[in-house]
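# An overview of the molecular structure
Here is how the chains run, residue by residue.
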Amino acid sequence: MTLVAATRVNAEILRLGHETGTIGVGRLADLTVWSTGPLADPDVFGDPEQAECVTEGGELVSVRRMRG
């Protein structure tokens, strides 16, 4: 629920819900996929080497090979 409140709800309040606030085709998004779960290891946010995939404004800007 916290993530929804911080993303979708705020986008709707700002009347931007048609283009941002959720993940989907055609949406503008800044998104990072981490190699480990940030809830289990919050230090992952401080280590850019742990970022597996990054998008900015809906465009893919960085991809690392997923570790197996």
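Only a predicted model underlies this, so the values are computations on that prediction, with no experimental measurement involved.

## Some remarks on helix 1 (residues 2-13)
Between the first and last C-alpha of helix 1 there are 16 Å, a value that for 12 residues agrees with the 16 Å anticipated at 1.5 Å per step. Residue Arg15 follows helix 1 closely and has a positive phi angle near 60°.

## Structural notes on unusual backbone geometry
Here the phi dihedral of Arg15 falls at roughly 60°; this positive angle occurs in a residue that is not glycine. As for its placement among the helices and strands, Arg15 is situated in the loop between helix 1 and strand 1 (31-34).

## Digging into the confidence of the model for the protein
Put simply, the protein has an average pLDDT of 84, and 93% of its residues get 70 or more. When pLDDT is averaged over each element of the protein, strand 2 (residues 51-56) comes out on top at 88 and helix 1 at the bottom at 83.

## With respect to the pairing of strand 2
Across 4 bridges, strand 1 lies against strand 2 in antiparallel orientation. Among the inter-strand pairings, Trp34 is bridged to a residue of strand 2, identified as Ala51. Linking two consecutive strands that pair antiparallel, namely strand 2 and strand 3 (residues 59-63), is a turn of 2 residues; a positive phi of about 60° is found at Gly57 within it.

## Considering the sheet that holds strand 1
In space, the 3 strands of this open sheet follow the order 1-2-3, with antiparallel pairing throughout. Each having just a single partner strand, strand 1 and strand 3 make up the two edges of the open sheet. Recorded for the sheet is a direction-independent mean angle of 15° between the axes of neighbouring strands. Strand direction decides the pairing type here: strand 2 and strand 3, joined by 4 bridges, are antiparallel. The partner of Glu56 across the bridge, within strand 3, is Glu59.

## What to know about a nonpolar patch on the surface
A cluster of nonpolar side chains, contributed by Val9, Ile13, Leu14 and Leu16, occupies part of the molecular surface with about 360 Å² of accessible area. Secondary-structure assignment places Leu14 in the loop between helix 1 and strand 1. On the basis of relative accessible area, Leu14 is assigned to the exposed category, the value being 60%.

The rules behind the values
Residues numbered from 1 in each chain as written. Predicted model: local features only at pLDDT ≥ 70, side-chain atom pairs only at ≥ 80, totals over all residues. Heavy atoms only, no water. Helix = DSSP H or I, 4+ residues; strand = E, 2+ residues; numbered from the N terminus. Expected span 1.5 Å × (residues − 1). pLDDT = per-residue confidence, 0-100. Pairing = 2+ DSSP bridges. Axes fitted to C-alpha atoms, helices over the stretch in contact; angles between N-to-C directions. Patch = residues over 30% accessible without salt bridge, like charges linked within 9 Å, V, L, I, M, F, W, Y side chains within 5 Å. Areas by Shrake-Rupley, 256 points an atom, 1.4 Å probe, with all protein chains shown as cover. Salt bridge = Lys/Arg side-chain N within 4 Å of Asp/Glu carboxyl O. Buried < 20%, exposed > 50% of the residue type's maximum accessible area, 1.4 Å probe, protein only.

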